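One-letter residues, chain by chain:
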Amino acid sequence: MKKFLFFALVLLIVPMSLIAQQTTLNFLYYIDATQAGYDEDQAYWQKFKDANPDIDLQMEILFSQAYHQKLSAYIAAGQLPDVMYMWPTTRDSSALLHSQKLVKDLAPLLGKDFLSNFVAPALNVNAQSSKMLAELPQSFTYTTVMYSNKKLLSDLGIPLPKTYAALKAMVPKLRVKNVQTILLPDGDQWPAQSCLFSTVVGRMLGDAWIDKVNTGKVKFTDPAFVAALKFVQTMFNDGVINWSNIQQPYGDGPGLFAAGKAAFIIDGDWRQGAYLTDKASGKALIEPAAQATDFAFLNFPAIPGQINPGVVSAIAGVGLGISSAIPAGSDKEKAAVRLLKWYYGPEFSQMKLETGAFIPTRKGVTSEKLEPFTTMMPQYYSSIAKTCYVLDGVLDPSVFNVLNAGLQSIGLGAKTPAQVAAEMQKAMDAWLKSKM
Amino acid sequence: MARTAVYRRDEKRAYWAMVLPAFILYLFVMAFPIVISIILSLSNFNGGKMFGGEHWRITGFQQYGKLVADPQFWLALKNNIYIVLISVFGQLPLGFVFAYLIYRRIVKFGDFWQGVLYMPAIISVIVLGIMWNMIFAPSGLIADVMNKWYANAFSHKLDEILRAAGGLNVTDAFVHRVVDVSDPVALKIFHDPFMELKDIIVAYTPGQLEVFRSDMVNLLSHKWSPEFLSKADVAMIPIMFVTLWCWTGLYLILFLANMQKIDAAIIEAARIDGAGEGQVMAHIVLPGLSGVIVNAAILCISGSLNSFALIWAMTGGGPARVTEVLSIYMYTNAFHGAPHYPLANAIALSIVVFSFILIGVTKLVEKRYGGRE
């Protein structure tokens, strides 16, 4: 009996001591659970857990606005997760992370040796709002890619457009076949600004103009900016973008495009992953063979009145940050660094490349298993001579939130470009005043 | 005398021993947050040290001033009033009528109808919101049904034109007739509808009649898209409909349970004396339930002013914030983008004030017109 009790106690104490030695790490992670590559992603996190039994990884997985809302709630409650997905600038929930330095500088934590594995632009701290390496950009994000259904167009005898006039001319020819011209699901409010309007502003005004508006030297009510908003209004009036896109949830886009409901979809480069083969089910929204032959990634056509032809909005990509609430040198901090090194390591980066999630900033990541869309994207990048700002990366949230809602209002015909510009300027004036 | 004093002291002790735990809980969970909220709404506190904010101080009614000056606040308030109106003047009367029909066995299978009408109240509002969002979506069920109907109607008109022309004989008169029956909104994509349509139509050969018909329906027929649901005021209609559908069953159950407390003999006597069902409902049942109706109205009002989950799941307050209600307006100010906690607290308190006003009005109405149970 005594022996039995002794062994039972040992069996109880050993796991408890292991648990006691475990470091709990709360990780708020961002991924679309319905997108191809989700299962592979989770399998790699399981590998991390198996390789690090001393870390009790508590993952919370969210996507899109739900993620931002939750992170904002955590920040407000003073319960920031230990590690979180974040943006390099003031996009949504990341605004406070940068402005209040709620995350650590990763440079000393990751070390020079580790960081030497990444391309130099990824380490440019000026690209981040907090001017430190708050997160290590996992990729460079081109937020405007015009995914094109070449086959659909060629079947209808329509050439790929090089100008806006050509785009407008194809509207009736596509509509007779019940096909939208451009799909831009803007139900979540941010895509129209991030994926289209940022490029329009870059082409018609340029980055220098945005820098001036942030210092009060020019105003949104100036004719040049109103003209950019008018161009978006024109796209809706011409039928190039159907107003129904304003009520379309962002997640609906890939399915509709793959089903041939639109000739083009404007989305960010990250979305190419939505069309790739899901390893678990073996199904793809667009089969690999069709990706190569039937589709293309185009730059947005020439805009009337543009001064910077061909520029496309781009920004340093997202990445993981570590909460500054974690004591320096603690076990938790070391565990968080190990998690980041795993995330940015060669194995995980290769998996992300293969599943089309992003093109990593880590050097030397290649694979022979890439689907055509993933190999086509770097070719698209190389066709872009110059990039421009993504507006939600350089404007204060109080200003770009007004813009996001304003673009929806313009599309619905509820407000004029001048009205939206006036509202934006009011928000900008309030922000400039608060900074004095 | 001494015994009485001891007795009273013991009674007091027992009273506080029983009340104190709940009272302390109420203070910390209910009263304290309300007091803090009031203080925050009168200050410039925006996160304090954690957010590197300036030293907080009382700024008076500054936030309330901002609130009143913001057109979005008035839109959100108006939307909330719509919800209150549909709840009080929709859910309650409907719930009462349905309960009466089941109570008086005017409809058969009362238990079945009870279950069917109550079911939406027990399903997660998030699920319901997403479901109705899909139904009302531009590519949803309603749009699909309506577009098929419009396509059919346009197709008939096109057939008449083709019959009159003896087939696909593309003349100027033919094109004019096609333009005349086309949806004006569909024609907006053309700079010169007649000329551009003519260019399109001449490309079809007589053997492509079916293709021509299908293509013209796609291009020129009226499309039912819920564009009108993107306009302020009108955009609230689906939400009001779903609110009515969701919660009427709850009040049905409430009224039905209370109707069963009414002495059946009184109703029998009234029926024997020749009273109709309408008279029974108006003069016996309704007065007998006046207290319950008032309480239900209070629940309605407080629930309506708090409504968040259903509207958030259905529209997210959009598009372009036209379906925002006060709770969503408060949420976006507190947690979206650049948080503004003092303003969010001011909004929260404005919700409380409106609730009190509406409940006060309800109580006044009851005093004046309420029956005796």
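Parameters at a glance
- Residues numbered from 1 in each chain as written.
- Chains lettered and ligands numbered in written order.
- Predicted model: local features only at pLDDT ≥ 70, side-chain atom pairs only at ≥ 80, totals over all residues.
- Axes fitted to C-alpha atoms, helices over the stretch in contact; angles between N-to-C directions.
- Helix = DSSP H or I, 4+ residues; strand = E, 2+ residues; numbered from the N terminus.
- Parallel < 35°, antiparallel > 145°, perpendicular 65-115°, else oblique.
- Left-handed = near helix turned anticlockwise from the far one by under 90°.
- Contact = placed C-beta atoms within 7 Å.
- Nonpolar A, V, L, I, M, F, W, Y, C, P; charged D, E, K, R; others polar.
- Domains from an automatic or database assignment.
- Pairing = 2+ DSSP bridges.

**So, the packing of helix 10 (residues 223-237) of chain A against helix 17 (residues 397-412) of chain A**
Residue and element names in this part refer to chain A. Two elements in contact, helix 10 and helix 17, have axes whose closest approach is 9 Å; the angle formed by their N-to-C orientations is 40 degrees. Judged by the inter-axis angle, helix 10 sits oblique to helix 17. Pair helix 10 / helix 17 crosses with right-handed handedness. Residues Leu 229, Val 232, Gln 233 and Phe 236 of helix 10 touch helix 17, and the partners they reach there are Leu 407, Ile 410 and Gly 411. Looking at side-chain class alone, the contact of helix 10 with helix 17 contains five nonpolar, two polar and no charged residues.

**Quick word on the domain arrangement of chain A**
Residues and elements named next belong to chain A. Each domain of chain A was delimited in the assignment, giving domain 1 (22-136 + 318-357) and domain 2 (142-314 + 385-435). Each partner contributes residues to the interface: domain 1 has 15 residues there, and domain 2 has 16 residues. For the side of domain 1 that touches domain 2, the secondary structure elements donating two or more residues are helix 2 (38-51) and helix 3 (64-77). Tallied by class, the residues present in the side of domain 1 that touches domain 2 amount to three nonpolar, eight polar and four charged.

**Structural notes on the domain arrangement of chain B**
All names here are of chain B. As assigned here, chain B comprises domain 1 (2-41), domain 2 (72-126 + 231-369) and domain 3 (141-220). When each unit is reduced to the centre of its C-alpha atoms, the spacing between domain 1 and domain 2 is 33 Å. The interface of domain 1 with domain 2 comprises four residues on the first partner and six residues on the second.

**Some remarks on the interface of chain B and chain A**
Contact with chain B, which involves 24 residues of that partner, is made by 32 residues of chain A. Counting only elements with at least two residues in the side of chain B that touches chain A, the list comes to helix 8 (193-201) and helix 9 (209-220) of chain B. By residue number, the principal contributor to the side of chain B that touches chain A is helix 9 of chain B, which donates three residues. When its residues are assigned to classes, the side of chain B that touches chain A shows twelve nonpolar, seven polar and five charged.

**What to know about the sheet that holds strand 9 (residues 312-316) of chain A**
All names here are of chain A. Taken in spatial order, the three strands make up an open sheet running 4-9-11, and their pairing is mixed. Every interior strand has two partners, whereas the edge strands, strand 4 (140-142) and strand 11 (387-388), have only one. Where strand 9 lies against strand 11, two bridges are found, and the strand directions are parallel. Within strand 11, the residue paired with Val 312 across the bridge is Thr 387.

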